[in-house]
Amino acid sequence: FLPYLSSEASYSAEAHGKRITQELESLERIFTDAKKETLLQQDLFASTNIVILDNLKLAKDSFNYDNKNFSYLRMKETVNLCFHCHAQLPREFTSSFSDGFNNLPRKKFSSDFDYAQYLFLIRNFEAAKTNYFTVIDKVSKILEQAPKRNIKISIHDQQQLEESLRQVLVIFAKIQRDIQGALSYFTKLGVTGYPTYLKQQISYWNLGLKEWDNKNDELTEIKNNNELTKFVTNTLAPILAKTKDGAVKTIDLLVGTGILSNYIFVNANDPDRALALYYLGLSENILSSTSFYSLAESYFRDCVMRYPQHQIAKKCYDEYESNIIFGFTGSSGVRIPPDVQRDLDNLKKLLTDGHKKK
């Protein structure tokens, strides 16, 4: 499906209409069946699968009613949800795709960027990184030569540059936790001609990476409940507290969410998974404000749904409700759709009943 998402024009082209409709129907069937998979019933993935199914239905219906722009946006968001989930799994978790088999060839994609996105989705991270590097190098050269040749970079190229930089950082810091590799790449990156805000962003990333350069002991996996509690109390909580003062610690949060999500994946029976979901949600909320895709609401909702008796469940609900209210607040005030309000009411009842049981 990815090649059709290379641009809105490609997605809306009449020649692709029949095939896109077929692919949307196929994806909807696949994700409906996927609900039965044990892996996708885990805390990290269950609610995301529900959101993806909702998105696919909306995308299909709006495409068929000739609202292709809305359908396109829903599918772009769906891809981001896929990116997010696939970045949560431990590095050791592979498949025939990530091992290099069954891969689509480069010629199937209209650009190196689209191909890199595909490789990221199938968790072939090294190959994805190489293709993101190609995109970054190409656009960087254009930016460097732009003033001399009196040319202007397209918005499309600039968006691909920014997204490629973010994806490379996610691979280095969150997935591979290769701090030295990230430092080596970003400190040597030529940023001549880059917009000021992007230069500043990369500079902040480098500062954050340098802080982690000598913390190899803290980059290791959490092994048990005691280590989980220490990690959220001594590492993540102080980082989150600092962000309230305006200092967004992107590298800290990427590393932290990588370690925490791996722990949740491996330790299905830990009674404090609710605690991990709460801190994941808080971290994702902040990362989403810096343009990294987020599943914060899913984590907070899952925390209440699955662990209503846990002491952290009330905080999860408060964060979830706050996000929902913010999302449905406009110039005319708060307008929460009835089905969303019902969901909030059900969660609140679940929380109350859980508290009574406890």
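Criteria and cut-off values
Residues numbered from 1 in each chain as written. Predicted model: local features only at pLDDT ≥ 70, side-chain atom pairs only at ≥ 80, totals over all residues. Heavy atoms only, no water. Core = buried A, V, L, I, M, F, W, Y, C linked by side-chain atoms within 4.5 Å. Buried < 20%, exposed > 50% of the residue type's maximum accessible area, 1.4 Å probe, protein only. Helix = DSSP H or I, 4+ residues; strand = E, 2+ residues; numbered from the N terminus. Contact = heavy atoms within 4.5 Å. Salt bridge = Lys/Arg side-chain N within 4 Å of Asp/Glu carboxyl O. Polar contact = N/O pair within 3.5 Å; in protein donor to acceptor, adjacent residues only side chain to side chain. Axes fitted to C-alpha atoms, helices over the stretch in contact; angles between N-to-C directions. Parallel < 35°, antiparallel > 145°, perpendicular 65-115°, else oblique. Left-handed = near helix turned anticlockwise from the far one by under 90°. Nonpolar A, V, L, I, M, F, W, Y, C, P; charged D, E, K, R; others polar. pLDDT = per-residue confidence, 0-100. Phe/Tyr/Trp six-rings, centres within 6.5 Å; stacked < 30°, edge-to-face > 60°. Lys NZ or Arg CZ within 6 Å of the ring centre and 35° of its normal.

Novice: Would you explain the nonpolar core in this entry?
Specialist: When a protein is soluble and globular, its nonpolar side chains tend to lie buried together. Residues Tyr11, Phe120, Leu165, Phe186, Tyr194, Leu260 and Tyr279 are the most contacted members of the largest nonpolar core, which totals 99 residues. At 10 residues, helix H12 (residues 273–288) tops the list of elements feeding residues into this core. When neighbours within four sequence positions are excluded, Tyr11 is seen to be in contact with Phe1, Tyr4, Leu5, Ile20, Leu24, Phe63, Lys68, Ser71, Tyr72 and Met75.

Novice: Any chance you could explain helix H5 (residues 112–121) here in plain terms?
Specialist: Residues lying three or four places apart along an α-helix face the same way, a consequence of the helix completing one turn every 3.6 residues. The element H5 is extensively covered by neighbouring structure, given that nine of its 10 residues are classed as buried. Of the residues making up H5, those classed as buried are Phe113, Asp114, Tyr115, Ala116, Gln117, Tyr118, Leu119, Phe120 and Leu121. Where H5 terminates, the next one or two residues include Arg123, which has phi positive at roughly 65°.

Novice: I keep staring at the pattern of salt bridges and nothing clicks. Help me out?
Specialist: Close approach of charged atoms lets side chains of opposite charge pair. Applying the stated criterion across every chain yields a total of 15 salt bridges. A salt bridge links Lys68 to Asp66; the nearest nitrogen and oxygen atoms lie 2.8 Å apart. Among the residues examined, Lys68 registers a relative accessible area of 18% and is labelled buried. One salt bridge connects Glu163 with Arg166, and the closest N-O pair in it is separated by 3.0 Å. Placement of both Glu163 and Arg166 in helix H7 (residues 155–175) is noted, with a separation of three residues, approximately one turn of the helix. By relative accessible area, which is 15% here, Glu163 ends up buried. The buried category is assigned to Arg166, whose relative accessible area is 12%.

Novice: Please clarify how the environment of Tyr197 should be interpreted in this entry.
Specialist: Along the polypeptide, Tyr197 turns up in helix H9 (residues 196–212). Residues within four places of Tyr197 in sequence aside, it is in contact with Gln158 and Glu162.

Novice: Where do I start with the environment of Arg166 in this structure?
Specialist: For the pair Arg166 and Phe70, spaced 96 residues apart in sequence, the C-alpha to C-alpha distance is 25 Å. A distance of 3.0 Å separates polar atoms of two side chains, one belonging to Arg166 and the other to Glu163.

Novice: So what exactly am I meant to see when it comes to the packing of helix H3 (residues 46–64) against helix H4 (residues 68–86) here?
Specialist: Relative orientation and spacing of two packed helices are given, respectively, by the angle between their axes and the distance between those axes. Look at H3 against H4: their axes get within 8 Å of each other, and the N-to-C directions meet at 160°. Between H3 and H4, the interaxial angle falls into the category roughly antiparallel. Note that H3 runs across H4; the crossing there is left-handed. When H3 is examined against H4, the residues Thr48, Val51, Ile52, Asn55, Leu56, Leu58, Ala59, Ser62 and Phe63 are found in contact with a partner set consisting of Lys68, Phe70, Ser71, Arg74, Met75, Glu77, Thr78, Leu81, Cys82 and Cys85. A per-class count over the contact of H3 with H4 returns 11 nonpolar, five polar and three charged.

Novice: I would appreciate a short explanation of the confidence of the model for the chain in the present structure.
Specialist: Low-confidence regions, as indicated by low pLDDT, have predicted coordinates that should not be scrutinised in detail. Mean pLDDT over the chain: 83, with 91% of residues reaching 70 or higher. No element of the chain has a lower mean pLDDT than strand E1 (residues 329–330), which averages 69, and none a higher one than helix H8 (residues 179–188), which averages 94.

Novice: Explanation requested: the packing of aromatic side chains in the structure shown.
Specialist: A ring pair, where both rings are aromatic, is described by two values, the distance of the centres and the angle of the planes. Within the structure shown, the criterion is met by 15 aromatic pairs. Relative to Phe63, the ring of Tyr11 lies with its centre 5.4 Å away and its plane at 80°, an arrangement referred to as edge-to-face. Here Tyr11, found in helix H1 (residues 8–12), pairs with Phe63, found in helix H3; they are 52 residues apart in sequence, far enough to count as distant. Phe63 carries the same exposure label as Tyr11, and that label is buried. Taken together, Phe1, Tyr4, Tyr11, Phe63 and Tyr72 form an aromatic cluster joined through their ring pairs. Over the face of the ring belonging to Phe63 we find Lys68, whose NZ or CZ atom lies 4.7 Å from the ring centre.

Novice: Quick question: what am I supposed to make of the environment of Ala182 here?
Specialist: With respect to the helices, strands and loops of the structure, Ala182 is situated in helix H8. With near-sequence residues (within four places) excluded, Ala182 lies in contact with Phe172 and Leu209.

Novice: Is there a simple way to think about the packing of H5 against H7 in this case?
Specialist: Their axes nearest at 11 Å, the elements H5 and H7 cross at an angle of 25°. With respect to each other, H5 and H7 are oriented roughly parallel. The crossing of H5 and H7 is left-handed. Taken together, the residues of H7 that come into contact with H5 (itself represented by Phe113, Gln117 and Phe120) are Gln160, Glu163, Ser164, Gln167, Val170, Ile171 and Ile175. For the contact of H5 with H7, the class distribution of residues is five nonpolar, four polar and one charged.

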